[in-house]
Amino acid sequence: AVGVQRLMSTKTDGINTITIFGAGLMGAGIAQVSAQAGLKVILTDVTDKALENGLNIINKSVARVGKKQQPDDIEGFTKKVLANITTTTDAEQAVSSTDLVCEAIIESIKVKRDLFAYLDKKAGANTIFASNTSSLGISEIAENCTEERKALFGGLHFFNPVPAMKLVEVVRTDKTSEATYQALFDVTKRMGKVPVACKDTPGFIVNRLLVPYLLEAARMIDRGDATKEDIDIAMKLGAGYPMGPFELLDYIGLDTTQFIADGWVDKAKAGVLPEALVEPTSSIVDLVNKGELGRKSGKGFYDYTKK
Ligand code: 3HC
């Protein structure tokens, strides 16, 4: 694990154990990069099946990282990383002795709020809480926690695929303490990531810029300005993006993008965001209604079943 060691910065954050809620693609990725950095990881979800699915995602991805970091002993690398991960469906036990909770469950304000209110009562007084939400406000998620916990609450927004994307947005609310913020910043560096600081505003930095761009790309095909294939080629060759907007929409999931856009409608009504940013796009809405959600469902703007 020489490569991983090299990426790690000195430990100054007091974080040894991280509990991750949600063993989906994001949660599994966060578990993996944490385990690669030598943190003890407790991966938590509501069913054993979900945990098994998360471990499968991790297994495949760790082997991919091992191929680069430790080509002579991929198995040894994988074993070492996986040895840092335990799983449980018992939320209370998962936070009974942990330094950091990172939540990557479904994007529902109510479910997230309730989970954190429950964990607030069960976790130690110094445990830091973080959410990986991509579109909900961190303050709103922390709303039912105590004032003490709100000072220990921030956002840790990772990007898909987590093991490959270097960025983490570290989100600070009005109540996040300086020490909490520093600890979150430092732990992401230990994970080999590059943290950036952002306030608790809609979409933080990346999604605030990326989602309006993706929606406008969809409106371009709604209007017949250009084909999706040509728009994808244009943005890759003309703007240097690794994926065109439609490839990226399929990669993120059309339902996820639509969910973010829908959530922003209320923010636009409240004057926090410009109305034009959230104007509906028929091409995304139509595909979501047909259940064609992108790569995960085999079809979205493109067909992934014919390969
Ligand atoms: N696990 C481990 N490593 C992975 C990986 C995974 N799941 N996926 C990719 N990688 C690594 C590969 O091993 C490779 O590493 P190397 O360069 O050191 O050899 C590197 O990533 C590139 O992968 P590939 O060569 O297989 O493929 P590409 O060069 O085509 O890159 C990509 C794939 C990294 C996905 C690239 O196309 C990309 O950057 N796409 C844009 C992704 C993006 O914008 N993500 C953000 C989405 S928005 C979001 O997540 C926010 C949410 O809130 C909506």
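Reading the values: rules and limits
Residue indices begin from 1 for each chain and proceed along its sequence in written order. Totals for whole chains, interfaces and linings use all residues, but because this is a predicted model, local features are given only for residues with pLDDT of at least 70 and pairs of side-chain atoms are given and counted only at 80 or more. With hydrogens and water excluded, all non-hydrogen atoms of the structure serve as input to the side-chain values. Joining through side-chain atoms within 4.5 Å is the link that ties buried Ala, Val, Leu, Ile, Met, Phe, Trp, Tyr and Cys residues into a set, and such a set is a nonpolar core. Note on exposure labels: buried denotes an accessible area under 20% of the residue type's maximum, exposed denotes more than 50%, and partly exposed covers the range between, all computed with a 1.4 Å probe on protein chains only. Think of each axis as a best-fit line through the C-alpha atoms, taken over the contacting stretch in the case of a helix, with angles from 0 to 180 degrees between the N-to-C directions. Only runs of H or I of at least four residues qualify as helices and only runs of E of at least two qualify as strands under DSSP, and these elements are numbered from the N terminus. Oblique is the label for any angle not under 35 degrees, not over 145, and not in the 65 to 115 range, which are roughly parallel, roughly antiparallel and roughly perpendicular in turn. The contact criterion used throughout is that any non-hydrogen atoms of two residues lie within 4.5 Å. Residue polarity is assigned by list, with Asp, Glu, Lys and Arg as charged and Ala, Val, Leu, Ile, Met, Phe, Trp, Tyr, Cys and Pro as nonpolar; anything else, Gly included, falls into the polar class. Between any two strands, pairing holds if DSSP finds at least two bridges. When at least one non-hydrogen atom of a residue lies within 4 Å of a molecule or strand, that residue is treated as near it. In the analysis that follows, any N or O atom pair within 3.5 Å is treated as a polar contact, provided that within protein one partner can donate a hydrogen and the other can accept it, and provided that, for residues neighboring in sequence, both atoms belong to side chains. Working definition of accessibility: Shrake-Rupley area with a 1.4 Å probe, residue cover restricted to the visible protein chains. Boundaries between domains were set according to an automatic or database domain assignment. Take the accessible area each of two parts loses on contact, using a 1.4 Å probe, and add the two losses: that sum is the buried area. The salt bridge definition used is simple: a Lys or Arg side-chain nitrogen within 4 Å of an Asp or Glu carboxyl oxygen.

Caption draft 1: Spotlight on the nonpolar core. Membership of the largest hydrophobic core comes to 37 residues, with the highest contact counts inside it found for Ile18, Ile20, Leu43, Leu100, Leu156, Phe158 and Met191. Of all hydrophobic cores here, the second largest spans 21 residues; its members include Leu210, Ala217, Ile231 and Leu249.

Caption draft 2: The packing of helix H12 (residues 245–252) against helix H13 (residues 254–269), seen in detail. Put simply, H12 and H13 touch, their axes get as near as 5 Å, and they point 95° apart. With respect to H13, the element H12 is oriented roughly perpendicular. Facing H12, whose interface residues are Leu249, Asp250 and Ile252, H13 presents Leu254, Thr256 and Thr257. Each residue belonging to the contact of H12 with H13 can be placed in one class, and the counts come to three nonpolar, two polar and one charged.

Caption draft 3: The arrangement of the pairing of strand E6 (residues 153–158) in detail. Most of E6 is tucked away, with six of its six residues classed as buried. Side chains of E6 alternate between two faces, with Phe153, Gly155 and His157 and Gly154, Leu156 and Phe158 buried alike. Bridge count for strand E5 (residues 128–131) against E6 is three bridges, and the pairing is parallel. In the sheet register, phenylalanine 129 faces E6, and the bridge partner there is phenylalanine 153.

Caption draft 4: Structural detail: the site of the ligand. Of all residues adjacent to the ligand, which total 19 residues, the nearest are Ser61, Arg64, Lys68, Ser134 and His157. Histidine 157 has a polar side-chain atom sitting 2.9 Å from an oxygen atom of the ligand. If the ligand stood free it would expose 1000 Å²; the protein chains cover 63% of that surface. Those elements giving two or more residues to the shell around the ligand turn out to be helix H3 (48–69), helix H10 (206–223) and H12. It is H3 that contributes the most residues to the shell around the ligand, four residues altogether. In terms of residue class, the shell around the ligand is made up of 12 nonpolar, five polar and two charged. Both of domain 1 (2–199) and domain 2 (207–297) provide at least three residues apiece to the shell around the ligand.

Caption draft 5: Highlighting the domain arrangement of the protein chain. Per the domain assignment, the segments of the protein chain are domain 1 (2–199) and domain 2 (207–297). Taken residue by residue, the interface counts seven residues in domain 1 and six residues in domain 2. Between domain 1 and domain 2 the total buried area reaches about 600 Å² when both faces are included, carbon and sulfur atoms providing 46% of it. For the domain 1 face of the interface with domain 2, the top three residues by lost area are Ser134, Ser135 and Asn160, together amounting to 56%. On inspection of domain 1 and its partner domain 2, the count reaches one salt bridge. Scanning the region where domain 1 abuts domain 2 turns up one residue pair in polar contact (both at pLDDT 80 or more). Taken together, the residues of the side of domain 1 that touches domain 2 sort by class into one nonpolar, four polar and two charged.

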